[in-house]
Amino acid sequence: MTKFRKLNRPTGHRMSMLRTMVSQLVKHERIETTVAKAKEIRRLADNMVQLGKDGSLCAARRAAAFVRGDDILHKLFTELAYRYKDRAGGYTRLLRTRIRVGDAAPMAYIEFIDRENELRQSKPPTPQPPPRAPLDPWSRSRLTRHFAPPKEDKSEI
């Protein structure tokens, strides 16, 4: 298992909080929380969208074991899966907003990209570079032609 933030909470409380926050993010498509929590939510929310895009029965059961509510599960497997069918990853955006007054915790918005009323427009997808011709291992490189003198033919002597 990879490293994760413990967020100064016991395991049961932390997992329950993250499940609820991921479910609310899917429902409202934008929530405000602390930066540390938002970074953890981003990992889990991207994983849930991947499960929604997969669309298999196994993926539906895995997502249902994590998110809370049938309406959220339906939204994952229909609306969000269709919206991100061409995107390979990076379904969420984290925008730092302010410092909270009570405890000076840095706050951030986490939101899904490519939706209506988003805080910042998403960048257009980068075009794929044109395919390059495969290199011939027996051809001389440009550097050898530049620095090495041309070969003399010994057959002329």
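Residues numbered from 1 in each chain as written. Predicted model: local features only at pLDDT ≥ 70, side-chain atom pairs only at ≥ 80, totals over all residues. Heavy atoms only, no water.

Focus: the sheet that holds strand β1 (residues 30–34)
Item 1. Taken together, three strands build an open sheet; the order of strands is β1-β3-β2 and the sheet is antiparallel. What marks the edges here is a single partner per strand, and that holds for β1 and β2 (92–99). Along the sheet, successive strands turn relative to each other by an average axial angle of 25°, direction set aside.
Item 2. The pairing of β1 with strand β3 (residues 106–112) spans five bridges and is antiparallel. For Arg-30, the partnering residue across the bridge sits in β3 and is Glu-111.
Item 3. Packing against the sheet, helix α1 (residues 11–28) makes contact with β1, β2 and β3, and its axis sits at approximately 145° to β1. (Pairing = 2+ DSSP bridges. Helix = DSSP H or I, 4+ residues; strand = E, 2+ residues; numbered from the N terminus. Axes fitted to C-alpha atoms, helices over the stretch in contact; angles between N-to-C directions. Contact = heavy atoms within 4.5 Å.)

What about the side chain of Arg-14?
Item 1. As for its placement among the helices and strands, Arg-14 is situated in helix α1.
Item 2. In this structure, Arg-14 is buried with no salt-bridge partner, the nearest side chain bearing the opposite charge being Glu-40 at 6.8 Å.
Item 3. Among the polar contacts listed, one links the side chain of Arg-14 to the backbone oxygen of Lys-6, at a separation of 3.3 Å.
Item 4. The contact partners of Arg-14, leaving out residues within four places of it in the chain, are Phe-4, Arg-5, Lys-6, Leu-7 and Arg-9. (Buried < 20%, exposed > 50% of the residue type's maximum accessible area, 1.4 Å probe, protein only. Lys, Arg positive; Asp, Glu negative; His and termini not counted. Salt bridge = Lys/Arg side-chain N within 4 Å of Asp/Glu carboxyl O. Polar contact = N/O pair within 3.5 Å; in protein donor to acceptor, adjacent residues only side chain to side chain.)

So, the nonpolar core
Item 1. In terms of nonpolar packing, the biggest core is built from 30 residues, with Leu-25, Ile-41, Met-48, Val-67, Leu-76, Tyr-84 and Phe-112 touching the most fellow members.
Item 2. Within the residue set of this core, elements represented by two or more residues are α1, α2 (35–54), α3 (57–64), α4 (70–83) and β3.
Item 3. With seven residues, α2 is the largest single contributor of residues to this core.
Item 4. If sequence neighbours within four positions are ignored, Ile-41 has contacts with Leu-18, Met-21, Val-22, Leu-25, Ile-31, Thr-33 and Ile-110. (Core = buried A, V, L, I, M, F, W, Y, C linked by side-chain atoms within 4.5 Å.)

Things to note about α4
Item 1. Over its 14 residues, α4 extends 19 Å from the first C-alpha to the last, a length consistent with the 20 Å expected when each residue adds 1.5 Å.
Item 2. Maximal helix bending in α4 amounts to about 35°, located at Leu-76.
Item 3. If you check which residues of α4 are buried, you get Ile-72, Leu-73, Lys-75, Leu-76, Leu-80 and Ala-81.
Item 4. For α4, the elements touching its buried residues are α1, α2, α3 and β3. (Expected span 1.5 Å × (residues − 1). Bend = angle between axes of the 7 residues up to and from the residue.)

Considering the environment of Glu-79
Item 1. Relative to the assigned elements, Glu-79 resides in helix α4.
Item 2. Non-local contacts of Glu-79, meaning those with residues more than four positions away in its chain, are made with Glu-29 and His-74.

With respect to the side chain of Thr-34
Item 1. The topology assignment puts Thr-34 in strand β1.
Item 2. Not counting residues up to four positions away in its chain, the partners in contact with Thr-34 are Arg-100, Ala-105, Pro-106 and Met-107.

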